[in-house]
Amino acid sequence: MLYREFGKTGWSVSTIGMGTWNIGNQWGEIDEDTALATVHSAFDNGVNLFDTAEAYGIPQGLSEERLGKALQGIRDRAYIVTKIGSWGRRTDEGLPKNVDTIRLCLQASLFRLKTDWADAVLCHEGDIEDPTVYLEAFEGLKQQGYLRAYGISTNKFEVIKQFNIAGNCSIVELDYSLLNPKAEAKILPYCIEHNIAVLVRGPLAQGLLSGKYAADTVFTDTIRGKWHKNADKQAKLDRDIAAVTALSANLPPDTTMATTALRYVISHPAQPVAIPGAKSPQQAALNAQAGDRILADIDRTALLQSLKEPEAVS
């Protein structure tokens, strides 16, 4: 596993982290023993950064609970990033969006995570127009020692700039992959300029870049089932699967589509940390193995071009 400095935090983090959305039953049922073993497998294979959120899990918060259990005894050797902004979803009643609510939400997250502090907390409202309440709450919590760094999860450039208005945004989490390289235009260069650490959710495009799906695949989980919702979404899914299938067929025999996709992400000059999810110890180990090297710029360019023009590699 390669490690890198995580923006202005100065932390040495693994190039591959682990996203824990999957271990909370929203991507299909997974028993607790398997969930904990999956986290342990990631850690044993060099992963030291774990991403979660108060909103993850059925019931909500289950991912935090399971991650907290799994990290008992090794908490001081792992970085935990969680997210806040799931207003009222647990009770279907609106919660006031104020500093006190954010503080209470973090205390609840820390309880579920079985820890006294979070290494980083992110605003989970990706379309927020005025982040003042988060900035005030996060700064206060940082001063009190409940968190070490903070940032935002969003793919909107203007939102990032607003959240960093005082230069205190340490981390941006965004959706970025071979199938969705839009962040390369503005967001990633901005993060380089301001020394903001980058966390990448969806580096495998919610599984599409694993290379294991065919044109007739039907997704039944609550997340990806939406891809079959209408003709436009289905058409995009069909195009994505066709492009990935064509690229997969032309990869060297000693690599996989998933490994290639993860290496594409971590090889950007912004030095992102990819946080793919996993539902088994074997999957977590395979994800981690992708973090042992990065790709040359020419290789990244060729991969992206191949997906844009799949007929060129058929």
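Remember, predicted model here, so these are calculated numbers, not experimental data. (Residues numbered from 1 in each chain as written. Predicted model: local features only at pLDDT ≥ 70, side-chain atom pairs only at ≥ 80, totals over all residues. Heavy atoms only, no water.)

Novice: Describe in detail the overall build of the protein chain, supporting the description with residues and values.
Specialist: Secondary structure summary: the protein chain contains 10 helices and 10 strands in total. Taken over the C-alpha trace, the protein chain has a radius of gyration of 19 Å; the compact-globule value for 314 residues is 20 Å, and the two agree within 12%. Overall, the protein chain is about 55 × 45 × 40 Å in size when its C-alpha atoms are taken along their principal axes. Counting contacts in the protein chain only where the partners sit at least 6 residues apart, residues at least 24 apart contribute 75% of the total. Within the structure as shown, the protein chain displays about 14000 Å² of accessible surface, and the carbon and sulfur contribution to it stands at 50%. Charged side chains in the protein chain number 32 positive and 38 negative. The centres of these two groups are separated by 1 Å. (Helix = DSSP H or I, 4+ residues; strand = E, 2+ residues; numbered from the N terminus. Rg over C-alpha atoms; globule rule 2.2 N^0.38 Å. Contact = heavy atoms within 4.5 Å. Areas by Shrake-Rupley, 256 points an atom, 1.4 Å probe, with all protein chains shown as cover. Lys, Arg positive; Asp, Glu negative; His and termini not counted. Charge placed at Lys NZ, Arg CZ, Asp CG, Glu CD.)

Novice: Describe in detail the packing of aromatic side chains, supporting the description with residues and values.
Specialist: This model, assessed by the stated rule, comprises 10 aromatic pairs. With 5.0 Å between their ring centres and 15 degrees between their planes, Trp-11 and Tyr-79 make a pair best called stacked. Here Tyr-79 lies in strand 5 (residues 79-84) and Trp-11 lies in the loop between strand 1 (3-5) and strand 2 (12-14), a separation of 68 residues in the sequence. The pair Trp-11 / Tyr-79 is uniform in exposure class, with both members buried. Measuring from ring centre to ring centre gives 4.9 Å for Tyr-213 and Phe-219, while their planes differ by 65 degrees; the resulting arrangement is edge-to-face. For the pair Tyr-213 and Phe-219, one class covers both residues: buried. One aromatic cluster in this structure is built from Phe-6, Trp-11 and Tyr-79. Over the aromatic face of Trp-117 sits the side chain of Arg-75, whose NZ or CZ is 4.0 Å from the ring centroid. When the ring centre of Tyr-264 is taken as reference, the NZ or CZ atom of Arg-300 above it lies at 4.1 Å. (Phe/Tyr/Trp six-rings, centres within 6.5 Å; stacked < 30°, edge-to-face > 60°. Buried < 20%, exposed > 50% of the residue type's maximum accessible area, 1.4 Å probe, protein only. Lys NZ or Arg CZ within 6 Å of the ring centre and 35° of its normal.)

Novice: Pulling in residues and values, what's your account of the packing of helix 3 (residues 99-113) against helix 4 (residues 132-143)?
Specialist: As a packed pair, helix 3 and helix 4 sit with axes 9 Å apart at the nearest point and diverge in direction by 50 degrees. Relative to helix 4, the element helix 3 lies oblique. Viewed along their axes, helix 3 and helix 4 form a crossing whose handedness is right-handed. From helix 3, Val-99, Ile-102, Arg-103 and Leu-106 reach across to helix 4, where they touch Val-133, Tyr-134, Glu-136, Ala-137, Phe-138 and Leu-141. (Axes fitted to C-alpha atoms, helices over the stretch in contact; angles between N-to-C directions. Parallel < 35°, antiparallel > 145°, perpendicular 65-115°, else oblique. Left-handed = near helix turned anticlockwise from the far one by under 90°.)

Novice: Break down the nonpolar core for me, citing the residues and quoting the values.
Specialist: Formed by 63 residues in total, the largest nonpolar core has its most connected members in Phe-138, Phe-163, Leu-174, Leu-178 and Leu-209. Broken down by element, the residue count for this core peaks at seven residues, all from helix 8 (residues 257-266). Excluding residues within four positions of it along the chain, Leu-178 makes contact with Leu-209, Leu-247, Met-257, Ala-261, Tyr-264, Leu-303, Leu-304 and Leu-307. Core analysis: the second largest hydrophobic core is formed by 20 residues, Ile-23, Phe-50, Ala-70 and Leu-71 among them. (Core = buried A, V, L, I, M, F, W, Y, C linked by side-chain atoms within 4.5 Å.)

Novice: How would you explain the packing of helix 2 (residues 62-70) against helix 3 if you had to name every residue and give the values?
Specialist: Running from N to C, helix 2 and helix 3 point in directions that differ by 45 degrees, and their axes come no closer than 7 Å. Considered as vectors, helix 2 and helix 3 are oriented oblique to each other. Taking contact as the criterion, the partners of Glu-64, Glu-65, Leu-67 and Gly-68 in helix 2 are, on helix 3, Ser-109, Arg-112 and Leu-113. A class-by-class count of the residues in the contact of helix 2 with helix 3 yields two nonpolar, two polar and three charged. (Nonpolar A, V, L, I, M, F, W, Y, C, P; charged D, E, K, R; others polar.)

Novice: Please give an account of helix 10 (residues 297-308) that cites residues and values.
Specialist: Each α-helix winds once per 3.6 residues, and so residues spaced three or four apart point in a common direction. The end-to-end C-alpha distance of helix 10 is 17 Å, a good match for the 16 Å that 12 residues give at a rise of 1.5 Å each. All of the buried residues along helix 10 are Arg-300, Leu-303, Leu-304, Ser-306 and Leu-307. Angular distribution of buried residues about the axis of helix 10 spans 160 degrees; they occupy a single face of the element. With respect to the buried face of helix 10, the exposed residues turned more than 90 degrees away are Asp-297, Ile-298, Thr-301 and Lys-308. (Expected span 1.5 Å × (residues − 1). Arc of directions from axis to C-beta.)

Novice: I'd like to hear about the sheet that holds strand 4 (residues 49-51), residue by residue, with values.
Specialist: Pairing is parallel in the open sheet, where eight strands are placed in the order 3-4-5-6-7-8-9-10. On the outer flanks of this sheet lie strand 3 (18-19) and strand 10 (273-274), each paired with one strand and no other. Relative to strand 10, strand 9 (residues 197-201) runs parallel, the two sharing two bridges. Within the sheet, the bridge partner assigned to Leu-199 lies in strand 10 and is Val-273. Contacts between helix 3 and the sheet are confined to strand 5, strand 6 (118-123) and strand 7 (147-153), with strand 5 contributing the most and set at about 140 degrees to the helix. (Pairing = 2+ DSSP bridges.)

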